[in-house]
Amino acid sequence: MIANARRLFALVAALSVCAAALPRLVLAQPPSAITFQPTTVSNSFSSTILVTGTGILPGAQVALDGYGLLSTTQVTTGTLTAVVPAGLPAGAYTLRVINPNGESATAATALTITGPTPTPQPTAFVRPQLIVVSYGASSPTIAPGADYDFEMTVQNAGGETATNVVAEFVEGDFLPRVTGGLRALGSLAPGQTNRFFQPLYATRAVAEKRVASLEVKITYTTAAGANYSDSFTLTFPVVVPVVGTARPTATPTARPLLRPQLVVGAYRTTPEKLQPGFQFELELDVQNVGNVIAKRITLIVGGVSLPSDTGTPGPGGISGDSGSFTDFAPLGTSNVQSLGDLEATRTLTARQKLIVNATTKAGAYPLKLSFVHSDESGRTYTDNQVITVLVFQIPQLEISFYREVGPLFAGQPNVLPVQVVNLGRNPVVLGNMRVSAAAGAQFSNNVLLIGTLDPGGTFPLDAVMIPEAPGPLELTVTIDYTDDFNQPQKITAVLPVEVMEGVPIEPGAPGGEFPGGGEMPKPQPETLWDTILRFLRGLFGLGSGRPQPGPGMPPVETPMPAPVIVP
């Protein structure tokens with residue numbers, strides 16, 4: 001009998017150990033199997049666990065010991081989801097399922113929360129990278145003193161878009177023709193290619209070489225404003241034609257290239273800071289860096305592409321409608337204007353009126369310029385160049401008083417009801433607003449941080465000022481902000497006010513001492529008997545006016561003059 005009892009006791013203990021090893025719970029009243037998954041989550045982010053089983057009533061909640069109730073959602077009958085928030089300390093936690101009637105089930109150390117995952121390694125540096133895919137000339141071999149057309153294909157092998165791509169053909173064994181050696185290629189997205197041609201002249205110096213080299217320098221930027229430059233050396237075989245019997249000849253001397261070349265030495269805009277919708281004047285300092293006169297110069301704002309020079313003007317003249325005018329457009333005149341002639345090494349000033357598109361955002365915008373001109377022999381050249389125009393988004397603010405300013409007295413504290421209003425169409429982020437004066441006043445509570453101000457929104461500042469002397473006083477209101485190019489800027493407004501002579505405090509007035517000591521008596525209201533006495537005095541000609549306060553009595557209050565509205 002005792003042996004059977006011992007076997008039964010051992011069997012119950014073994015079943016208890018097996019049940020404790022399983023990730024499930026037994027609910028009391030009635031027993032129900034509850035399971036959790038997953039059993040391990042990370043504290044780097046919030047996680048959702050799934051609770052299933054029988055005996056789960058509608059409205060049941062999942063609790064985490066050491067934290068409290070979790071955000072619980074009942075999916076179906078017997079199925080719950082609970083959200084474990086991020087940031088909990090790592091370790092093993094006990095979970096509970098609590099029914100609305102108070103019945104619950106507990107799972108000790110059923111959920112394990114791990115620490116944050118390792119920080120990922122930084123990715124590789126991403127930038128645009130231009131490479132030469134192919135190049136060639138209009139002839140398989142190069143002869144000195146001949147003209148050729150060279151073809152070149154570049155590709156962006158990087159991971160970011162290259163903008164403002166400009167190719168420059170450096171003078172050496174070859175001299176540029178027609179375009180002046182500059183090619184604006186626009187933008188190249190990752191993997192995109194651009195094939196272009198450049199007319200060149202092979203100098204006499206290549207006769208002494210077997211291989212002629214051509215250096216091409218390509219500059220470009222990114223959308224963030226980073227600048228890059230790459231140089232490429234292209235080589236071509238040289239052939240020297242031999243006529244008759246070879247005889248010793250004198251070493252040829254390279255002759256200087258005679259051609260005009262126009263560049264923009266400097267440029268300015270009026271006004272200096274442009275905003276969307278602004279009309280402005282672009283002023284260019286054009287210099288002839290060539291060695292001969294440039295005749296019949298034509299400026300084309302927005303750029304133009306012309307075919308190779310034939311020495312004869314094409315039908316229809318020069319077309320200037322192929323440029324981009326999305327952000328800037330000509331105003332008053334067209335984008336084509338004649339600049340006349342320019343001697344070598346001389347400089348002239350060109351002006352063009354433009355307008356910034358109202359939809360243009362703040363940023364740096366490239367503007368292409370083309371100079372079409374000719375030399376004395378009638379040969380036509382086109383010099384293409386790019387300048388950068390900055391557009392700012394300056395906050396449109398109104399700084400004024402939000403109510404009429406009452407009389408201001410010297411030597412006494414006065415409240416200044418200052419406010420700023422956002423008159424623009426977009427929210428602005430502003431810094432500190434400060435009220436001050438050049439001299440003659442002391443301030444307190446005169447500096448306050450504004451922050452984000454929505455369109456049409458107002459922000460008040462009730463500064464306290466103690467003027468030192470009566471007379472006119474100019475208040476300076478300054479607001480700090482950071483512009484679109486991360487440069488600190490200030491907006492300043494001047495509000496004039498008038499300070500009156502301070503009212504002296506008489507003995508017996510509030511704040512003074514009453515003769516004889518003690519508190520100053522307050523004036524008593526007039527009684528019916530006082531009114532009758534004044535009436536009788538009036539009948540006998542003794543005067544019926546109310547007695548005025550004398551020395552030691554508080555003055556009768558009078559209304560203040562109407563305040564002045566300051567725009």
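Analysis parameters
- Residues numbered from 1 in each chain as written.
- Predicted model: local features only at pLDDT ≥ 70, side-chain atom pairs only at ≥ 80, totals over all residues.
- Heavy atoms only, no water.
- Helix = DSSP H or I, 4+ residues; strand = E, 2+ residues; numbered from the N terminus.
- Buried < 20%, exposed > 50% of the residue type's maximum accessible area, 1.4 Å probe, protein only.
- Contact = heavy atoms within 4.5 Å.
- Areas by Shrake-Rupley, 256 points an atom, 1.4 Å probe, with all protein chains shown as cover.
- Polar contact = N/O pair within 3.5 Å; in protein donor to acceptor, adjacent residues only side chain to side chain.
- Pairing = 2+ DSSP bridges.
- Phe/Tyr/Trp six-rings, centres within 6.5 Å; stacked < 30°, edge-to-face > 60°.
- Lys NZ or Arg CZ within 6 Å of the ring centre and 35° of its normal.
- 1 Å grid on protein atoms, 1.4 Å probe; cavity = no way out; pocket = protein on both sides within 12 Å on 5 of 7 lines; lining within 4 Å.
- Points joined across faces, edges and corners; volume = space filled by probe spheres on them.
- Nonpolar A, V, L, I, M, F, W, Y, C, P; charged D, E, K, R; others polar.
- Patch = residues over 30% accessible without salt bridge, like charges linked within 9 Å, V, L, I, M, F, W, Y side chains within 5 Å.
- Salt bridge = Lys/Arg side-chain N within 4 Å of Asp/Glu carboxyl O.
- Core = buried A, V, L, I, M, F, W, Y, C linked by side-chain atoms within 4.5 Å.

A.B. asks: Describe the overall build of the chain, and please don't skip the residues or the numbers.
C.D. replies: Assigned secondary structure in the chain consists of 2 helices and 35 strands. A buried classification covers 35% of the 567 residues belonging to the chain. Taking all contacts inside the chain whose residues are at least 6 apart in sequence as the whole, residues at least 24 apart take part in 66%. Total accessible area on the chain is roughly 32,800 Å²; 57% of this is exposed by carbon and sulfur atoms.

A.B. asks: So what's going on with the environment of R177? Residues and values would help.
C.D. replies: Mapped onto the secondary structure, R177 falls in the loop between β14 (174-176) and β15 (182-188). Sequence separation between R177 and L200 is 23 residues; the distance between their C-alpha atoms is 5.2 Å. Every residue in contact with R177, bar those within four places of it in the chain, is listed here: D147, Y148, D149, Q198, P199, L200, Y201 and R379. From its side chain, R177 meets the backbone oxygen of L200 in a polar contact 3.2 Å long.

A.B. asks: Tell me what's going on with the sheet that holds strand β3 (residues 40-42), and back it up with residues and numbers.
C.D. replies: The 5 strands are arranged β3-β10-β9-β5-β6 in an open sheet whose pairing can be described as mixed. The sheet is open, and its two borders are formed by β3 and β6 (68-69), each paired with just one other strand. Examined bridge by bridge, strand β9 (residues 91-98) and strand β10 (residues 104-114) share 7 bridges and lie antiparallel to one another. Each bridged residue has a counterpart across the sheet, and for Y93 the counterpart in β10 is L111.

A.B. asks: Let's hear about the packing of aromatic side chains: which residues, and what values?
C.D. replies: Summed over the entire model, instances satisfying the criterion amount to 10 aromatic pairs. Seen in terms of ring centroids, F328 and Y365 are 6.0 Å apart; in terms of plane orientation they differ by 85°. Their pairing is edge-to-face. Taken as a pair, F328 in strand β22 (residues 328-330) and Y365 in strand β25 (residues 363-374) lie far apart in primary sequence, 37 residues in all. A network of ring pairs unites the aromatic residues Y135, Y148, F150, F174 and F236 as a single cluster. Over the face of the ring belonging to F392 we find K273, whose NZ or CZ atom lies 5.3 Å from the ring centre.

A.B. asks: Can you break down unusual backbone geometry residue by residue, with the values?
C.D. replies: A cis amide bond links T270 to the next residue, P271, at an omega of 5°. Phi at T345 takes a positive value of approximately 70°, unusual for a residue other than glycine. Tracing the backbone through its elements, the reader meets T345 in the loop between β23 (336-342) and β24 (347-356). Located in the positive-phi region is N486, a residue other than glycine, with phi close to 60°.

A.B. asks: Describe the sheet that holds strand β32 (residues 447-453), listing the residues and the values that go with them.
C.D. replies: In space, the 5 strands of this open sheet follow the order β28-β35-β34-β30-β32, with mixed pairing throughout. Both edges of this open sheet fall to β28 (408-409) and β32, since each of them pairs with a single strand only.

A.B. asks: Give a description of the side chain of S374 that names residues and reports values.
C.D. replies: Within the fold, S374 resides in strand β25. According to the relative accessible area criterion, S374 is buried, its value standing at 4%. At 2.7 Å, the side chain of S374 and the side chain of R296 are in polar contact. Among residues more than four places away in sequence, those in contact with S374 are P260, I293, A294, K295, R296, R379, T380 and Y381.

A.B. asks: Would you mind going over the layout of surface pockets in detail, with residue names and values included?
C.D. replies: Considered as a void within the structure, the largest pocket measures approximately 820 Å³ in volume. Those elements that place two or more of their residues in the lining of the largest pocket are β13 (162-169), β15, β25 and β26 (380-391). If one sorts the elements of the lining of the largest pocket by residue count, β25 sits on top with 6 residues. Broken down by class, the residue content of the lining of the largest pocket amounts to 15 nonpolar, 17 polar and 2 charged. Taken together, 23 residues form the lining of the second largest pocket, with P276, Q393, I394, R425 and N426 sitting closest to its centre. Secondary-structure elements contributing two or more residues to the lining of the second largest pocket are β30 (428-437) and β34 (471-482). Here the lining of the second largest pocket is composed, by residue class, of 10 nonpolar, 9 polar and 4 charged.

A.B. asks: Describe a nonpolar patch on the surface, with residues and values.
C.D. replies: On the surface, W529, I532, L533 and L536 cluster together to form a nonpolar patch covering roughly 370 Å² of accessible area. Structurally, the position occupied by L533 is in helix α2 (residues 528-539). With relative accessibility at 34%, the residue L533 sits in the partly exposed group.

A.B. asks: Lay out the pattern of salt bridges with the relevant residues and their values.
C.D. replies: Applying the stated criterion to the full structure yields 11 salt bridges. Where R268 meets D285, a salt bridge forms, and the shortest distance between an N and an O atom there is 3.0 Å. Pair noted here: R268 is in strand β19 (residues 262-270) and D285 is in strand β20 (residues 279-288), with a separation of 17 residues, a long-range link. Taken together, the salt bridges that share partners define one network made up of R268, E283, D285 and R351.

A.B. asks: Tell me about the nonpolar core, and name the residues and values.
C.D. replies: Grouped together as the largest cluster of nonpolar side chains are 30 residues, with contacts concentrated most on L416 and V420. Elements with a contribution of two residues or more to this core: β27 (397-401), β29 (414-422), β30, β32, β33 (458-467), β34 and β35 (488-500). The contacts of V420, once residues within four sequence positions are left out, are L397, E398, I399, M433, I450, L453, G457, T458, F459 and I479. Of all hydrophobic cores here, the second largest spans 28 residues; its members include I142, A162, I218 and L234.

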